[in-house]
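# Geometric and topological summary
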Amino acid sequence: MIHSIKHSSATLPTSDLIRQRLVITQNPRFLSLPSLSKSVITTKKPLCISSIQRLGFSELSKSRKPIIQCKAAESDEPNSSVIDDQQTKSAAAQKMKISIYFATWWALNVVFNIYNKKVLNAFPFPWLTSTLSLAAGSAIMLISWVFRIAEAPKTDLEFWKTLVPVALAHTIGHVAATVSMSKVAVSFTHIIKSAEPAFSVLVSRFLLGETFPMPVYLSLVPIIGGCGLAALTELNFNMIGFMGAMISNLAFVFRNIFSKRGMKGKSVSGMNYYACLSILSLVILTPFAIAVEGPQMWAIGWENAIAQIGPNFVWWVAAQSVFYHLYNQVLSSEGHIERKDLDFIM
């Protein structure tokens, strides 16, 4: 509130008022009230300013801009609920993808077991049958690399040296499983092979010094008990078939250990890794298969199988060889599934 100004004698002349108004209008920054040298301030009546334009502030108010402007800005970071929703969808898609791969692996494995047993019943030479399985997979991958269907791996001598113990264990496990299926039912072989987790825990505990929680050890009791019960109640029990499955379990455990430790950090992985493993296993197995069975026995057995089954026997051999490679490659070719979760399921 600005108090009224009362002159003691008389009001300002009209000329003085016009001059003062011109000064304010021309330069609104220098705002001054009329001279108070001859005036006396009283508190009788308030001086009310009805409009700021009359004092010359209109241009000043228009030209001035706010010093600080407050505006609402959108956050650069997405909403947490959106992130959670995206992560949930991604996890669900990954689980679905893994489920499809496992289902495909299971279906191919079933087809392989059917044809493998049919071949072994007509042609009881498991060493040659195992060799043909590795040969088919090696041929498929070599053709894929030559025609650039798949990118060829970049390997060196150090890689192949590191792969030797893995391939040796893989060869032993593969041949032992085939020998087992040639002597007993496929179901019995797979029941014994289901004890592989128990072998993995025991080997890791006593040879590698790794310890596991008590629930892990307790979970092995029903596995071992079930395998023992199946062995005791098997009508067509055969010791060679039983020992073949047990050796296969032990060999695959060492294969997984060698693979995890020796191949860690190597540039070759997935589909090409298993292809290299098949090629090296084929090189290792071929001379042993020739020494154990021999071409003469193979020729006689082949003639007998063709005489009994007919030309379809050739397709059986081709099917069991190709499907063996496919069911092993399905999961190993998926880069988003870690090797520790697969361990080249046999």
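Residues numbered from 1 in each chain as written. Predicted model: local features only at pLDDT ≥ 70, side-chain atom pairs only at ≥ 80, totals over all residues. Heavy atoms only, no water.

### A short note on a nonpolar patch on the surface
Our working rule: Patch members must show over 30% relative accessible area and no salt bridge, and they are joined within 9 Å when carrying like charges or within 5 Å when they are nonpolar side chains of Val, Leu, Ile, Met, Phe, Trp or Tyr. Surface accessibility in these figures is a Shrake-Rupley result with a 1.4 Å probe; residues are shielded only by whichever protein chains are displayed. Salt bridges, as used here, are contacts in which a Lys or Arg side-chain nitrogen is within 4 Å of a carboxyl oxygen on Asp or Glu. Each helix corresponds to a stretch of at least 4 residues labelled H or I by DSSP, and each strand to a stretch of at least 2 residues labelled E; elements are numbered beginning at the N terminus.
On the surface, a cluster of nonpolar side chains totalling about 520 Å² of accessible area is made up of Leu168, Ile172, Phe237, Met239, Met243 and Ile247. Those elements giving two or more residues to the nonpolar patch turn out to be helix H5 (157-183) and helix H9 (239-262). By residue number, the principal contributor to the nonpolar patch is H9, which donates three residues. Along the polypeptide, phenylalanine 237 turns up in the loop between helix H8 (214-233) and H9.

### Concerning the UniProt feature "transmembrane region" (unreviewed entry) in the chain
Heads up, the rule is: UniProt positions are given in the numbering used here, feature names are shortened, and annotations may be inferred rather than shown by experiment.
The positions UniProt marks with the feature "transmembrane region" (unreviewed entry) are residues 98-115, 127-147, 239-258 and 270-292. Annotated as residues 98-115, this span is 100% helix and 0% strand, and its ends, taken at the C-alpha atoms, are 26 Å apart. Secondary structure over residues 127-147 splits into 95% helix and 0% strand, and the C-alpha atoms at its two ends are 31 Å apart.

### Thoughts on helix H10 (residues 271-292)
Condition: Each residue after the first adds 1.5 Å to the expected span of a helix. Values of bend correspond, residue by residue, to the angle between axes fitted over the seven residues ending at that residue and the seven starting there.
With 22 residues, H10 should cover 32 Å at 1.5 Å per step; its first-to-last C-alpha distance of 31 Å lies within 8% of that length. Taking the largest bend as the criterion, H10 deviates by roughly 30°, centred on leucine 285, and proline proline 287 comes between one and four positions later. Taken from the residues just after H10, glycine 294 is the one with a positive phi, measuring 90°.

### Some details on the packing of aromatic side chains
As a reminder, the rule being used: Each Phe, Tyr or Trp ring (for Trp, its six-membered ring) is paired with any other whose centre lies within 6.5 Å, and the angle between the two planes then decides the class: stacked below 30 degrees, edge-to-face above 60, tilted in between. Any residue under 20% of the maximum accessible area for its type is buried, any over 50% is exposed, and the rest in between are partly exposed; the area is computed with a 1.4 Å probe on protein chains only.
Following the criterion strictly, the structure yields 13 aromatic pairs and no others. Centre to centre, the rings of tryptophan 105 and tyrosine 327 are 6.4 Å apart; their planes meet at 55°, and the pair counts as tilted. Of this pair, tryptophan 105 sits in helix H3 (residues 80-122) while tyrosine 327 sits in helix H12 (residues 312-332), placing them 222 residues apart in sequence. Each member of the pair, tryptophan 105 as well as tyrosine 327, is classed as buried.

### A look at the side chain of serine 130
What counts, and what does not: In what follows, residue pairs with any heavy atoms lying within 4.5 Å of each other are defined as contacts.
Locating serine 130 in the fold gives a position in helix H4 (residues 126-146). Contact partners of serine 130, with chain neighbours within four places excluded, come to His174, Val175, Thr178 and Leu285.

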